[in-house]
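Residue-level listing of the chains:
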Amino acid sequence: MITIVDFGAGNMRSIENALERIGTPVRIAATPEAVASADALILPGVGAAAPAMARLRERKLAAQIVDAIANGVPFLGICLGMQLLFERSAEDGASCLGVFPGSVERMVTTEKLPHVGWNTIDVTRPHPVLSPLDGEAMYFVHSYAVVPANRDLIIAETSHGGPFVSAIAADQVVAVQFHPERSGQAGLRLLESFVRFAGVGAAHVA
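What you see is a predicted model; the values in this text were computed from it and never measured. (Residues numbered from 1 in each chain as written. Predicted model: local features only at pLDDT ≥ 70, side-chain atom pairs only at ≥ 80, totals over all residues. Heavy atoms only, no water.)

Asker: Give a detailed account of the overall build of the protein, specifying residues and quantitative values.
Answerer: Across its full length, the protein holds 6 helices and 13 strands. The C-alpha radius of gyration of the protein comes to 15 Å, within 12% of the 17 Å expected for a compact globule of 206 residues. C-alpha extents for the protein along the principal axes are approximately 45 × 40 × 30 Å. Burial status across the protein gives 54% buried among its 206 residues. (Helix = DSSP H or I, 4+ residues; strand = E, 2+ residues; numbered from the N terminus. Rg over C-alpha atoms; globule rule 2.2 N^0.38 Å. Buried < 20%, exposed > 50% of the residue type's maximum accessible area, 1.4 Å probe, protein only.)

And the structure:
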């Protein structure tokens, strides 16, 4: 079963619906005990880091998420849920989860921000979740992107007037800047790939 962390993220129900479409049992976790017992975790997110971190800490979920990752629980971060894995965000000066060294910075681009709409992902390092989707278009909504201190984390990049990191992975952690729940069949295939990677089973997506 996939557990979605509930801290008031606006895209949580969309992710739940997408997982149900591929036949994956889903549970919503709003307590540290529920996160601690998860077989696999998804951290969704839209908006800014500071209020998101405040809600995670208020519900005592932040430390439990870090512990789950340290204990090898399969984890997928989506959009803000990816950015929160790093140490700090330049968007509002927030201190984040600090799972990985690095920061979240405003995108350096000649194009309009926020970056909204469909864009392709370029897989830069083989990974079972992302490699089948190399060159696929995914749906993005953001003005900030992660800047890992360790570039070995990067598994995909995307260009928007300049390259930015669109996916990272390390051990059992995968995180993406785009929204698979809004990316049509390609997004469903990514979720299915993560479910298989996590070993919790899912229906086939045509």
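Asker: Outline the layout of surface pockets, supporting the account with residue identities and numerical values.
Answerer: When its volume is computed, the largest pocket comes out at roughly 210 Å³. Breaking the lining of the largest pocket down by element, the ones donating at least two residues are strand S6 (102–106), strand S10 (144–148) and strand S12 (163–170). Per-element accounting of the lining of the largest pocket gives the leading share, 4 residues, to S10. Its residues assigned to classes, the lining of the largest pocket comprises 9 nonpolar, 1 polar and 4 charged. Here the second largest pocket defines a volume of roughly 170 Å³. What lines the second largest pocket is simply Val 46, Gly 47, Cys 79, Leu 80, Gln 83, Glu 91, Val 141, His 142, Ser 143, Tyr 144, His 179 and Arg 182. Counting residues per element, the ones that place at least two in the lining of the second largest pocket are helix H5 (80–83) and strand S9 (137–142). Taken together, the residues of the lining of the second largest pocket sort by class into 5 nonpolar, 5 polar and 2 charged. (1 Å grid on protein atoms, 1.4 Å probe; cavity = no way out; pocket = protein on both sides within 12 Å on 5 of 7 lines; lining within 4 Å. Points joined across faces, edges and corners; volume = space filled by probe spheres on them. Nonpolar A, V, L, I, M, F, W, Y, C, P; charged D, E, K, R; others polar.)

Asker: Let's hear about the sheet that holds strand S4 (residues 75–78): which residues, and what values?
Answerer: With respect to topology, 8 strands assemble into an open sheet ordered S2-S1-S3-S4-S13-S12-S11-S8, the strand pairing being mixed. Two strands in the sheet have a free side with no partner beyond their single neighbour: strand S2 (26–29) and strand S8 (122–123). (Pairing = 2+ DSSP bridges.)

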